[in-house]
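Breakdown of the fold
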Amino acid sequence: EYLAALRKLRPNIYKFGERIEDVTSHPATKRTVESHALNYDAANDEKLADMYTITSRLTGEKILRWNSLMQSSDDLIGNMQMKRQNYRRTGSCTGAVCVGWNAMNVMWAVSQDIDAECGTDYKRRLEKWNLFAQKEGLAVAGALTDAKGDRSLKPSQQPDPDTNIRVTEVRDDGIVIRGAKIMICGTAASQEIFVLPGGIYGEADQDYAVACVVPRDIEGLTIVEATHPSDRRELEATASGE
């Protein structure tokens, strides 16, 4: 079901200047997808299920651990144990079942503080999304690091404002955001991306202090897979079956 969900997403990931039509089979992305899929296998393995699943504090139903909300230090330890087991099983980082969990739990606390001080309803919105993530069993990547441009300057001072994610329009049905994030682990294997602000902002930077979740294939979003000198050789070797 997880692989089928990824295949349904709009192709918007590029590498070597080419669009990847299917992240589950393309040599540049299939390994990270396979490593994430092992987490879903583990959640259905009777020997590992207790490590990879947990009871939801919102519904009382069994859910995937990486979609849960912390209630105690035991939950934090349980998540760390799951990630250590991931390293043993996959030999790699599985960011779409890691960073998203951190983001939703941090924002659960932060949104409560903001609501108490400002009379907003951010926590209710987050809870609504979290219930959706739990029901669908989503893999959620986390986008934290902005491209930043000139790092000696604040976001509002950048010559190119697109080096940082910012709100460009507030509408009745939500917001419009624009800009660039970098180093997002597990993006190809994710169904949604949790966007967080990446620095300490002053009043002039308020448009950049935005947290939200977007579908990985949302219209207007383009993802470029990073490259290093040996990528092309490794890709060609994998494609030829070597």
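Our subject is the structure that appears above.
Here the structure is a predicted model, which means the values were calculated and not measured. Along each chain, numbering runs from 1 in the same order as the chain's sequence is written. Predicted model: local features are reported for residues with pLDDT of at least 70 only, side-chain atom pairs are reported and counted for 80 or more only, and whole-chain, interface and lining totals are derived from all residues. Each side-chain value is worked out from all heavy atoms of the structure, with water and hydrogens disregarded.

**A word on the overall build of the chain**
Keep this limit in mind: Only DSSP runs of H or I covering at least 4 residues are called helices, and only runs of E covering at least 2 are called strands; the numbering of each starts at the N terminus. C-alpha atoms define the radius of gyration, and 2.2 Å times the number of residues to the power 0.38 defines the globule rule. Each residue is assigned to one of three classes by its accessible area relative to the maximum for its type, calculated with a 1.4 Å probe on protein chains only: buried under 20%, partly exposed between the two thresholds, exposed over 50%. Between two residues, a contact is recorded if the distance between any of their heavy atoms is within 4.5 Å. All tallies of charge rest on Lys and Arg as positive and Asp and Glu as negative; His and the ends of each chain are not included. In this description, the location of a charge corresponds to atom NZ of lysine, CZ of arginine, CG of aspartate or CD of glutamate.
Across its full length, the chain holds seven helices and ten strands. Against the compact-globule benchmark of 18 Å for 242 residues, the chain has a radius of gyration of 19 Å, which places it among compact chains. Across its three principal directions, the C-alpha atoms of the chain cover 55 × 45 × 30 Å. A total of 242 residues make up the chain; the buried ones form 40% of that total. Considering only intrachain contacts with a sequence separation of at least 6, the fraction spanning at least 24 residues in the chain is 62%. With 30 positive and 36 negative side-chain charges, the chain shows a separation of 3 Å between the mean positions of the two kinds.

**Concerning the nonpolar core**
For clarity, the cut-off: What makes a nonpolar core is a set of buried Ala, Val, Leu, Ile, Met, Phe, Trp, Tyr and Cys residues whose side-chain atoms join them at distances within 4.5 Å.
Core analysis: the largest hydrophobic core is formed by 31 residues, its most contacted members being Tyr2, Val23, Tyr52, Trp66 and Ile193. Listing elements by their share of this core, those giving two or more residues are helix H1 (2-8), helix H2 (30-43), strand S5 (140-143), strand S8 (192-195) and strand S9 (212-215). A total of five residues in this core trace back to one element, the largest contributor, which is H2. Counting twelve residues, the second-largest nonpolar core is a separate cluster that includes Ala103, Met107, Trp129 and Phe194.

**Focus: the pairing of S9**
As a reminder of what qualifies: Being paired, for any two strands, means DSSP has found at least two bridges between them.
Here S9 shows one buried face, formed by Cys212 and Val214, and one open face, formed by Val213 and Pro215. Sheet analysis places S8 next to S9, joined by four bridges and oriented antiparallel. Within S9, the residue paired with Glu192 across the bridge is Pro215.

**Observations regarding empty space enclosed by the protein**
Here is the rule we go by: With a 1 Å grid spanning the protein atoms alone, the term cavity applies to any set of points in which a 1.4 Å probe fits but cannot get out, the term pocket to an open set with protein on both sides within 12 Å along at least five of seven lines, and the term lining residue to any residue with an atom within 4 Å of a point. Grid points are joined across faces, edges and corners, and a volume is the space filled by probe spheres set on the points. Only Asp, Glu, Lys and Arg are considered charged, only Ala, Val, Leu, Ile, Met, Phe, Trp, Tyr, Cys and Pro nonpolar, and every remaining residue, Gly among them, polar.
One pass over the full model with this rule turns up two cavities of 30 Å³ or more. Space inside the largest cavity adds up to approximately 50 Å³. Forming the boundary of the largest cavity are Leu6, Arg7, Leu9, Arg10, Pro11, Asn12, Ile20, Glu21, Asp22, Val23 and Arg216. Looking at the lining of the largest cavity, its residues break down into five nonpolar, one polar and five charged. A volume near 40 Å³ is recorded for the second largest cavity. As for the second largest cavity, its lining consists of Ile54, Thr55, Ser56, Arg57, Ile63, Ser68, Leu69, Gln71, Asp75 and Gln134. Split by residue class, the lining of the second largest cavity holds three nonpolar, five polar and two charged.

**As for the layout of surface pockets**
Of the pockets and cavities examined, the second largest pocket occupies roughly 460 Å³. Together, 21 residues line the second largest pocket, and Tyr40, Leu64, Lys135, Glu136 and Gly137 are the ones closest to its centre. Within the residue set of the lining of the second largest pocket, elements represented by two or more residues are H1, H2, strand S4 (62-64) and helix H6 (122-136). Residue composition of the lining of the second largest pocket, grouped by class: nine nonpolar, six polar and six charged.

**What to know about the sheet that holds S8**
Cut-off, in case you're wondering: Here the axes come from fitting lines to C-alpha atoms, over the contacting stretch only for helices, and the angles between their N-to-C directions go from 0 to 180 degrees.
Taken in spatial order, the three strands line up as S5-S8-S9 in an open sheet, and their pairing is mixed. Two strands close off the open sheet at either side, each with one partner strand: S5 and S9. Neighbour to neighbour, the strand axes of the sheet diverge by 25° on average, direction disregarded. Contacting S5 and S8, helix H5 (residues 99-118) crosses the sheet at an angle of about 70° to S5. Running at roughly 155° to S8, H6 makes contact with S5, S8 and S9 of the sheet.

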